Protein chains: 4
Amino acid sequence: MDAIGRKRWSIAEGYIPSESISADRALVSHETACILNAGDKDANVTLTVYFANREPVGPFRVVVPARRTLHLRFNDLDDPQPIPKDTDYSSVFESDQPIVIQHTRLDSRRAEISLMSTTAYSEA
Amino acid sequence: MDAIGRKRWSIAEGYIPSESISADRALVSHETACILNAGDKDANVTLTVYFANREPVGPFRVVVPARRTLHLRFNDLDDPQPIPKDTDYSSVFESDQPIVIQHTRLDSRRAEISLMSTTAYSEA
Amino acid sequence: MDAIGRKRWSIAEGYIPSESISADRALVSHETACILNAGDKDANVTLTVYFANREPVGPFRVVVPARRTLHLRFNDLDDPQPIPKDTDYSSVFESDQPIVIQHTRLDSRRAEISLMSTTAYSEA
Amino acid sequence: MDAIGRKRWSIAEGYIPSESISADRALVSHETACILNAGDKDANVTLTVYFANREPVGPFRVVVPARRTLHLRFNDLDDPQPIPKDTDYSSVFESDQPIVIQHTRLDSRRAEISLMSTTAYSEA
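None of the values given here were measured: they were computed from a predicted structure. (Residues numbered from 1 in each chain as written. Chains lettered and ligands numbered in written order. Predicted model: local features only at pLDDT ≥ 70, side-chain atom pairs only at ≥ 80, totals over all residues. Heavy atoms only, no water.)

1. A short note on the confidence of the model for chain A
Here chain A averages 95 in pLDDT, and 99% of its residues register 70 or above. Complex prediction metrics read pTM 0.97 and ipTM 0.96. (pLDDT = per-residue confidence, 0-100.)

This is how it looks when you write it as structure tokens:
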């Protein structure tokens, strides 16, 4: 299939609650960038994280193989450093191949989970 | 009315929880691609599903008749094979007519349902 | 201020649950099209609703005055006919002035409300 | 990094519930515009708020420093006047630098929070 997507993406919302009612990985509070690489070349993606009161952190580097999806949890990032909890952030993604990014938060601070999701902002 | 929409769409998020507090079809955990064909010709739509660790599956084929909407549940897909539960996926839609796609998940793993929705990513 | 927005919009998702835990207008299950007309001319908007199994219904007509917002509940539409509950639908909006549309559902089928929202699909 | 984003944005949905189950700032019902300025110049942003039945209010003015994010709560705006609770509104943002805006509501009218989020509507 032809590749679909764009090479620059941004998610302006970012916030990982430190509280979770569940320790189950599926239900712990988390933010995810779902990244699709539908093309036939591996996508090298760099991620920079912006904060309210200090300089940006990055680049974080991930590879999304050809014809694969990567549901990347911000909670799992640790190189060059982890994303702090209970802290406002934003993110920018740059890829060498066209990709599609959708943002999701699962919030389990209270007993019942809450979800939100949006297609991220993209530029050619 | 003139047709509205585009011919290539992608939903980067995909995850069908296996758990549901309710067996009622309206309240069982599900993901949906709401597809509108506002034009005067039937739309032949092919859907390919991408995974984290194996080759894509498809094409799935659906027809959205002229001047109709189809709220397609990923849970209901079974040809060439069903979408596994509790598994990260992404999807790409290709149509021979302009269509509009919006993505929704109803999650009923816990007693109270949670909803999320977004207009999908589109290309001409 | 200069007008902002586009003249053709579509919301592919549509579903008004018949159940609500509350009779309070703010908390009864509803779907809303939030329509902003930031320009200096009143916007005449026509709305057509599409279904899975029958011909579209419309046009519904609303006016969004200059420099005003209208949070239009699909539940309140009744001319030429009301939108049936528990039924899949989609909608297309056409305006003679640039407008911005965001879609929201508040779902109170269960004791705790659930929300979803997305910027609608637009064309010039 | 090169700047990313656009200079005109709109969020058509706006509604701050007056009720909250919690007085904790993180969990009180609120609406937020998450604004990312990934560029190397401070962004001067003006915000105008539109209502259903009266003239717009503004401009509100905020600065998003270079390489910073601002998660702006509508609840916190007070100059030239606060945003009334339980009232439908919409907003338009104009910036002198490219920015990215994502809209979020955390609703805690009921015991369990509900979230919604969407990338806002943008124009060059």
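Okay, back to it.
2. Some thoughts on the interface of chain C and chain D
With 33 residues of chain C at the contact, the number on the chain D side is 38 residues. Of the roughly 2,700 Å² buried between chain C and chain D, counting both surfaces, carbon and sulfur atoms make up 56%. The interface formed by chain C and chain D contains 2 salt bridges. Between arginine 67 of chain C and glutamate 55 of chain D there is a salt bridge, with its nearest N and O atoms 3.0 Å apart. Elements with a contribution of two residues or more to the side of chain C that touches chain D: strand E1 (6-11), strand E2 (30-37), strand E5 (68-73), strand E6 (89-107) and strand E7 (114-119) of chain C. Among the elements that make up the side of chain C that touches chain D, the one with the highest residue count is E7 of chain C (6 residues). For the side of chain C that touches chain D, the class distribution of residues is 17 nonpolar, 11 polar and 5 charged. (Contact = heavy atoms within 4.5 Å. Buried area = accessible area lost by both parts, 1.4 Å probe. Salt bridge = Lys/Arg side-chain N within 4 Å of Asp/Glu carboxyl O. Helix = DSSP H or I, 4+ residues; strand = E, 2+ residues; numbered from the N terminus. Nonpolar A, V, L, I, M, F, W, Y, C, P; charged D, E, K, R; others polar.)

3. Overview of the pairing of strand E3 (residues 43-51) of chain D
All names here are of chain D. Among the 9 residues that make up E3, 7 are buried, leaving the element largely enclosed by the rest of the structure. Looking at chain direction, E3 and strand E4 (residues 57-64) are connected through 6 bridges and run antiparallel. Its bridge partner being in E4, alanine 43 is matched across the sheet by valine 64. As paired elements, E3 and strand E6 (residues 89-107) share 7 bridges and run antiparallel to each other. By the bridge assignment for E6, threonine 46 is matched with glutamate 94. (Buried < 20%, exposed > 50% of the residue type's maximum accessible area, 1.4 Å probe, protein only. Pairing = 2+ DSSP bridges.)

4. A few points about the interface of chain A and chain B
Counting residues at the interface gives 33 residues for chain A and 38 residues for chain B. Summing both sides of the interface, chain A and chain B together bury roughly 2,800 Å²; the carbon and sulfur share of this comes to 56%. Seen at the junction of chain A and chain B, the total is 2 salt bridges. Counting every contact that joins chain A to chain B gives 18 residue pairs in polar contact (both at pLDDT 80 or more). Mapped onto the side of chain A that touches chain B, the elements with two or more residues apiece are strand E1 (6-11), strand E2 (30-37), strand E5 (68-73), strand E6 (89-107) and strand E7 (114-119) of chain A. (Polar contact = N/O pair within 3.5 Å; in protein donor to acceptor, adjacent residues only side chain to side chain.)

5. Here we look at the relation of the copies chain A and chain B
Take chain A, turn it by 90°, move it 0.0 Å along the axis, and it overlays chain B with an RMSD of 0.0 Å. Considering both components of the superposition, the chain copies are consistent with a four-fold axis. (Least-squares fit on C-alpha atoms with pLDDT ≥ 70 in both.)

6. A short note on unusual backbone geometry
The peptide bond linking aspartate 79 of chain B to proline 80 of chain B adopts the cis configuration, its omega dihedral lying at 15°. For proline 80 of chain B, the position within the fold is in the loop between strand E5 (68-73) and strand E6 (89-107). At the junction of glycine 58 of chain D and proline 59 of chain D, the peptide bond is cis and its omega measures out at 0° in the coordinates. Tracing the sequence through the fold places proline 59 of chain D in strand E4. Phi at aspartate 86 of chain B is positive, roughly 55°, even though this residue is not glycine. Residue position: aspartate 86 of chain B is located in the loop between E5 and E6. Taking relative accessible area as the criterion, aspartate 86 of chain B reaches 41% and is therefore assigned partly exposed.

7. Comments concerning the pairing of strand E7 (residues 114-119) of chain B
All names here are of chain B. In terms of burial, E7 is a largely internal element, 6 of the 6 residues being buried. Residue alternation in E7 divides its side chains into two sets, Ser114, Met116 and Thr118 and Leu115, Ser117 and Thr119, and both sets are buried. Across 6 bridges, E6 lies against E7 in antiparallel orientation. Within E7, the position partnered with histidine 103 by the bridge is threonine 118. Linking E6 back to E7 in an antiparallel pair, the connection comprises 6 residues.

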